[in-house]
Amino acid sequence: MDIIRNNKALMNEIERIAEVAGYLWTKGWAERNGGNISVNVTTLMSDEAKMLPALAPARELVEKVPCLGGNFFYVTGTGKRMRYVAKAPFENGSIIRIAPDGASFEIIAEQPVSPTMEIHSHLMMHNYLRSIGRNTTVVLHTHPTDLIGFSHCKPFLESSKLLTRTLWSMIPEARIVVPKGIGVVPYAIPGTLELARLTIEQLRTHDMLLWEKHGVLAVGDDIIDCFDAIDTMSKSAQIYFNARWAGFEPVGMTDEQLDALVPAFNLPDCY
Ligand code: 13P
Ligand code: ZN
């Protein structure tokens, strides 16, 4: 579709999405169709592209997203593999247009690829962030083995604070890159409204979330930054598990060392 392919700014963003999809696969976080991505591309769409006809009947949303009325998103397709999103983002994802009242969406480009089953979580997260005045454009969901492993351990599962401070304490960068820490979202069936609602609860205070025994999500203004945030916390998780495998409990940075990062890097004082 020339109207899309000739739009340099849009294609540049699609290339960045494809780049990150490739990282998710090479990291081993994206088994089969694991993970999904949505990016608000409204500001990158030409007026002509915004008027494209729907490629499939409009789909009603179970919960309205009024703050997203008239917005456009690139969304990875359900059942699609990240390793193929990396090579062919428009065969494995589509651009959708949210209706002005936020009650439904239509697929407008390039093919009628049905969006991820986690579309409720993605759109409700974007909607919530808009409703509090944030211009966040990206929701990235993936299945990092090490971070998911933490959600199988009761003390971490029951305390976002313990999980966050343990991961932060492995390397200083963890607190610097993910200053609000990780919020643990209790288990719910993938793709459900219940999971989306539980997710919004934790999104109030975090930009990274751990879905119990499932995966992580990061929100932000830039997809590379979202990837980096997950990658940094994954690194911390690896240090923790490597120490445990070697037979010792990692001492971690002290509370004083951790808290000294707040004024040193002008970080929000969370946890
Ligand atoms: P989709 O293929 O529908 O995106 O589902 C993958 C997934 O990770 C569900 O949480
Ligand atoms: Zn998932």
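Computed from a prediction, not measured in an experiment: that's the story for all the values here.

A. Representation of the overall build of the chain in the model. Secondary structure summary: the chain contains 13 helices and nine strands in total. A compact globule built from 271 residues should have a C-alpha radius of gyration of about 18 Å, and the chain, at 19 Å, falls within 12% of that. Along the first, second and third principal axes, the C-alpha set of the chain runs to 60 × 35 × 35 Å. A separation of at least 24 residues holds for 73% of the contacts in the chain among residues at least 6 apart in sequence. With the model as given, the accessible surface of the chain reaches about 12,000 Å², and the carbon-plus-sulfur share is 53%. Of the charged side chains in the chain, 25 are positive and 31 negative; the average position of the first set lies 3 Å away from that of the second.

B. Spotlight on the coordination of the zinc ion (ligand 2). Coordination sphere of the zinc ion (ligand 2), protein contribution only: His-141 (NE2), His-143 (NE2) and His-214 (NE2), at 2.1 Å. The sequence pattern describing where the donors of the zinc ion (ligand 2) fall on their chain is H-x1-H-x70-H. Of this pair, His-143 sits in the loop between strand E6 (138-142) and helix H6 (145-150) while His-214 sits in the loop between strand E8 (208-211) and strand E9 (215-220), and the two are 71 residues apart along the sequence. A relative accessible area of 13% means that His-143 is categorised as buried. Exposure remark for His-214: the relative accessible area of 12% places this residue in the buried category.

C. Quick peek at the packing of helix H8 (residues 160-168) against helix H11 (residues 223-245). Viewed as axis vectors pointing N to C, H8 and H11 meet at an angle of 85 degrees, and their least axial separation amounts to 8 Å. It follows from the interaxial angle that H8 and H11 lie roughly perpendicular. On H11, the residues that touch Thr-166, Leu-167 and Trp-168 of H8 are Met-233, Ser-236, Ala-237 and Tyr-240. Looking at the contact of H8 with H11 residue by residue, the class counts come to five nonpolar, two polar and no charged.

D. Spotlight on the site of ligand 1. Near ligand 1 the following residues occur: Asn-33, Gly-34, Gly-35, Asn-36, Thr-78, Gly-79, Thr-116, Met-117, Glu-118, His-141, His-143 and His-214. Within the side chain of Asn-33, an N or O atom sits 2.7 Å from an oxygen atom of ligand 1. Asn-36 places a polar side-chain atom, nitrogen or oxygen, 2.8 Å from an oxygen atom of ligand 1. Here ligand 1, which alone exposes 310 Å², has 97% of that area covered by the protein. When the residues that make up the shell around ligand 1 are grouped by side-chain class, the tally is one nonpolar, ten polar and one charged.

E. Examining the sheet that holds strand E3 (residues 72-76) more closely. With mixed pairing, the nine strands of this open sheet are ordered in space as E2-E5-E4-E3-E1-E6-E9-E8-E7. Of all the strands in the sheet, just strand E2 (59-60) and strand E7 (182-185) have a single pairing partner and so form its edges. As paired strands, strand E1 (residues 36-40) and E6 are joined by four bridges and run antiparallel to one another. Residue pairing across strands places Ser-38 opposite Val-139, the latter belonging to E6. Against the sheet, H11 touches E1, E6, E7, E8 and E9, its axis set at about 35 degrees to E6.

F. Spotlight on the pattern of salt bridges. Tallying each qualifying case throughout the model produces 16 salt bridges. The residue Arg-16 makes a salt bridge to Glu-13 at a minimum N-O spacing of 3.5 Å. Of this pair, Arg-16 and Glu-13 are both found in helix H2 (residues 8-26), three residues apart, which corresponds to roughly one turn of the helix. Using a relative accessible area of 15% as the deciding quantity, one classes Glu-13 as buried. Residues Asp-269 and Arg-175 are paired through a salt bridge, measuring 3.7 Å at the closest nitrogen-oxygen approach.

G. Local environment of H8. For H8, the tally of buried residues reaches seven of nine residues, placing the bulk of the element in the interior. Looking at H8, one finds that the buried residues are Ser-160, Leu-163, Thr-164, Arg-165, Thr-166, Leu-167 and Trp-168.

H. Inspection of the layout of surface pockets at higher detail. There is about 220 Å³ of room inside the largest pocket. Sorting the residues of the lining of the largest pocket by element identifies E9 and H11 as the ones contributing at least two each. Tallied by class, the residues present in the lining of the largest pocket amount to eight nonpolar, two polar and five charged. Contributing to the lining of the second largest pocket are 20 residues, with Asn-33, Gly-34, Gly-35, Asn-36 and Met-117 lying nearest its centre. When its residues are assigned to classes, the lining of the second largest pocket shows four nonpolar, twelve polar and four charged.

Definitions and limits used
Residues numbered from 1 in each chain as written. Chains lettered and ligands numbered in written order. Predicted model: local features only at pLDDT ≥ 70, side-chain atom pairs only at ≥ 80, totals over all residues. Heavy atoms only, no water. Helix = DSSP H or I, 4+ residues; strand = E, 2+ residues; numbered from the N terminus. Rg over C-alpha atoms; globule rule 2.2 N^0.38 Å. Contact = heavy atoms within 4.5 Å. Areas by Shrake-Rupley, 256 points an atom, 1.4 Å probe, with all protein chains shown as cover. Lys, Arg positive; Asp, Glu negative; His and termini not counted. Charge placed at Lys NZ, Arg CZ, Asp CG, Glu CD. Donors = N, O, S within 2.8 Å, 3.2 Å for Na, K, Ca; no water. Buried < 20%, exposed > 50% of the residue type's maximum accessible area, 1.4 Å probe, protein only. Axes fitted to C-alpha atoms, helices over the stretch in contact; angles between N-to-C directions. Parallel < 35°, antiparallel > 145°, perpendicular 65-115°, else oblique. Nonpolar A, V, L, I, M, F, W, Y, C, P; charged D, E, K, R; others polar. Near = heavy atom within 4 Å. Polar contact = N/O pair within 3.5 Å; in protein donor to acceptor, adjacent residues only side chain to side chain. Pairing = 2+ DSSP bridges. Salt bridge = Lys/Arg side-chain N within 4 Å of Asp/Glu carboxyl O. 1 Å grid on protein atoms, 1.4 Å probe; cavity = no way out; pocket = protein on both sides within 12 Å on 5 of 7 lines; lining within 4 Å. Points joined across faces, edges and corners; volume = space filled by probe spheres on them.

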